[in-house]
Amino acid sequence: KLYEAAVQHNTEVATCNFFELHGDSLSTEERFSRYGTQISLRAAFPEMVGIHSSGLLWFVWKSIYQSAMLKKHGIVFTEERIVEDSIFNLSVFAVADRMAFIQEPLYIYDLTDNLSLTRAKYIREYPYNLWRVYEEKIKIYRRNGISVPWQELNCYTMEHTLPILIMNTMGHPN
C-alpha cells in the first residue's frame with residue numbers, strides 16, 4: 001500500500017499511520033489527517049508547525065523512501081544509535097518534493113516489553129548523543145535554507161529529551 005500510494009501520488013516518500021500495542025490494548029490516533037493524502041514538502045516544510053511533536057519525524061519503519069532521492073542528496077543514517085530516525089526523516093523532508101500519507105494503520109508498534117534504546121535503563125553516551133541530535137537538526141535546517149523553528153524545537157527537546165535523560169540518570173549503576 002505504501003508503494004502504491006507513492007506511485008499514485010508521484011512522491012519520493014510515503015508514510016502510514018500505525019497502531020500502538022500496550023499489553024492487551026491496541027490503540028491508534030489520526031496522526032497525519034491534517035495533511036490529507038499527499039503534500040508538497042518543499043512548499044509546506046517551512047510552515048509545518050508541530051513537525052517535531054506530531055510524530056512525523058519519528059520512526060523510519062512506517063515509511064518508504066525513493067532510493068534515487070536518498071542517493072542524490074547523500075542521505076544516510078548517522079552514527080547515532082539513539083533518535084537517529086528523526087535526523088534521517090528531517091533530512092529527507094528538507095529535500096523531498098512530495099510525500100504521500102496513508103491514514104490506515106499498517107504497522108503495530110509493540111510497546112508492551114519495549115526494548116527501544118530510548119527506554120534503556122542506562123546508556124553512558126546518551127546525553128552526548130541527544131545533544132548531537134539537537135545540533136544536527138539545526139544544521140539540517142540551515143543547510144537547506146529553512147528557518148529553524150526554535151520555539152517548537154526547544155519545546156519538543158525539553159518535553160521528550162529531558163524525561164529520557166532523567167530516566168537514564170536514575171538508571172546509572174553508580
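Residues numbered from 1 in each chain as written. Predicted model: local features only at pLDDT ≥ 70, side-chain atom pairs only at ≥ 80, totals over all residues. Heavy atoms only, no water.

V13, M69, V92, F93 and M99 are the most contacted members of the largest nonpolar core, which has 28 residues in total. Among the elements of the structure, α3 (67–72), α4 (84–95), β5 (98–110) and α5 (126–143) are those that each provide at least two residues to this core. Each residue touching V92, except ones within four places of it in the same chain, is listed here: V13, Y65, M69, L70 and I75. In this structure, L2, A6, C16 and A100 belong to the second largest nonpolar core, which totals 7 residues. (Core = buried A, V, L, I, M, F, W, Y, C linked by side-chain atoms within 4.5 Å. Buried < 20%, exposed > 50% of the residue type's maximum accessible area, 1.4 Å probe, protein only. Helix = DSSP H or I, 4+ residues; strand = E, 2+ residues; numbered from the N terminus. Contact = heavy atoms within 4.5 Å.)

Relative to the assigned elements, S86 resides in helix α4. What makes S86 buried here is its relative accessible area of 3%. When neighbours within four sequence positions are excluded, S86 is seen to be in contact with L57, V133 and K137.

Turning our attention to the layout of surface pockets. Roughly 180 Å³ of volume is contained in the second largest pocket. What lines the second largest pocket is a set of 13 residues, among which G74, I75, S91, E136 and R143 lie closest to the centre. Listing elements by their share of the lining of the second largest pocket, those giving two or more residues are α4 and α5. Along the lines of polarity and charge, the residues of the lining of the second largest pocket split into 6 nonpolar, 5 polar and 2 charged. (1 Å grid on protein atoms, 1.4 Å probe; cavity = no way out; pocket = protein on both sides within 12 Å on 5 of 7 lines; lining within 4 Å. Points joined across faces, edges and corners; volume = space filled by probe spheres on them. Nonpolar A, V, L, I, M, F, W, Y, C, P; charged D, E, K, R; others polar.)

Sheet analysis places strand β1 (residues 13–22) next to strand β4 (residues 63–65), joined by 3 bridges and oriented antiparallel. Counted as the bridge partner of V13 is Y65 from β4. Pairing of β1 with β5, which is carried by 9 bridges, proceeds in the parallel orientation. Directly across from N17, in β5, lies its bridge partner P105. Direction of pairing for β1 relative to strand β2 (residues 25–27): antiparallel, over a ladder of 3 bridges. Its bridge partner lying in β2, L21 is registered against L26. Taken together, β1 and the strand that follows it, β2, pair antiparallel across an intervening segment of 2 residues, in which G23 is found at a positive phi of about 65°. (Pairing = 2+ DSSP bridges.)

Moving on: the confidence of the model for the protein chain. Averaged over all residues, the pLDDT of the protein chain is 79; the fraction at 70 or higher stands at 77%. Across the protein chain, the secondary-structure element scoring lowest on mean pLDDT is helix α2 (residues 41–44), at 67, and the one scoring highest is α3, at 96. (pLDDT = per-residue confidence, 0-100.)

Now for unusual backbone geometry. The phi torsion at N10 lies on the positive side, around 50°, for a residue other than glycine. Within the secondary structure layout, N10 lies in the loop between α1 (2–8) and β1. Residue class for N10 comes out exposed when judged on its relative accessible area of 62%.

With that settled, consider the pattern of salt bridges. Scanning the entire structure with this criterion turns up 2 salt bridges. Ionic pairing is found between E104 and K1, a salt bridge with its closest N-O pair at 2.8 Å. Taken as a pair, E104 in strand β5 and K1 in the segment before α1 lie far apart in primary sequence, 103 residues in all. Between E136 and R143 there is a salt bridge; the shortest N-O distance is 3.5 Å. Judged by its relative accessible area of 53%, R143 falls in the exposed class. (Salt bridge = Lys/Arg side-chain N within 4 Å of Asp/Glu carboxyl O.)

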